[in-house]
Amino acid sequence: MSSWRPEPEPERAAPVTRAPEITTTACRECGAQVAGLNGRYACGVCGWVNPWWEGSNTLPAAEEDPDYPGTAPA
Ligand SMILES: [Zn+2]
């Protein structure tokens, strides 16, 4: 009989998750119904995409990018 016990999972800060908002719109090029996330759409029929600034999410700043050159030691 083993007295081994699994170590408890360390408490992790719950990740801040924003559930993606799925919306649909009509393609402005061909009129097809297009589903998108967070206000961003890409038409699978004609390739139309709406401009990024029409999305409902605030885009992350460059500093939040893990590859941001300003934070890495040279
Ligand atoms: Zn289209």
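So, here's what we can say about the structure. What you see is a predicted model; the values in this text were computed from it and never measured.

Turning our eyes to something else, we now look at the overall build of the protein. Counting secondary structure elements, the protein contains zero helices and two strands. Put simply, the protein has 74 residues, and 5% of those count as buried. By sequence separation, contacts in the protein at least 24 residues apart represent 2% of the contacts at least 6 residues apart.

The next point concerns the pairing of strand β2 (residues 33-37). Walk down a regular strand and you will see the side chains alternate between the two sheet faces. Burial along β2 is one-sided: V34 and G36 are buried, and none of Q33, A35 and L37, which face the opposite way, are. As defined by bridge partners, strand β1 (residues 22-26) adjoins β2 across five bridges and the pair is classed as antiparallel. Looking at the pairing, T24 lines up with A35 of β2. Counting the residues between successive antiparallel strands, the hairpin from β1 to β2 contains six residues, one of them, G31, with a positive phi of roughly 85 degrees.

Let us now look at unusual backbone geometry. Apart from glycine, the bulk of residues carry a negative phi angle, and the bulk of peptide bonds sit in the trans form. The phi dihedral of N38 falls on the positive side, at around 55 degrees, and the residue is not glycine. As for its position among the elements, N38 is in the segment after β2.

Mapping Y68 onto the fold places it in the segment after β2. Residue Y68 is classed as exposed on the basis of its 12 C-beta neighbours within 10 Å. Not counting residues up to four positions away in its chain, the partners in contact with Y68 are A62 and E63.

Reading the values: the criteria
- Residues numbered from 1 in each chain as written.
- Predicted model: local features only at pLDDT ≥ 70, side-chain atom pairs only at ≥ 80, totals over all residues.
- Helix = DSSP H or I, 4+ residues; strand = E, 2+ residues; numbered from the N terminus.
- Buried ≥ 20, exposed ≤ 12 C-beta atoms within 10 Å, placed from the backbone.
- Contact = placed C-beta atoms within 7 Å.
- Pairing = 2+ DSSP bridges.

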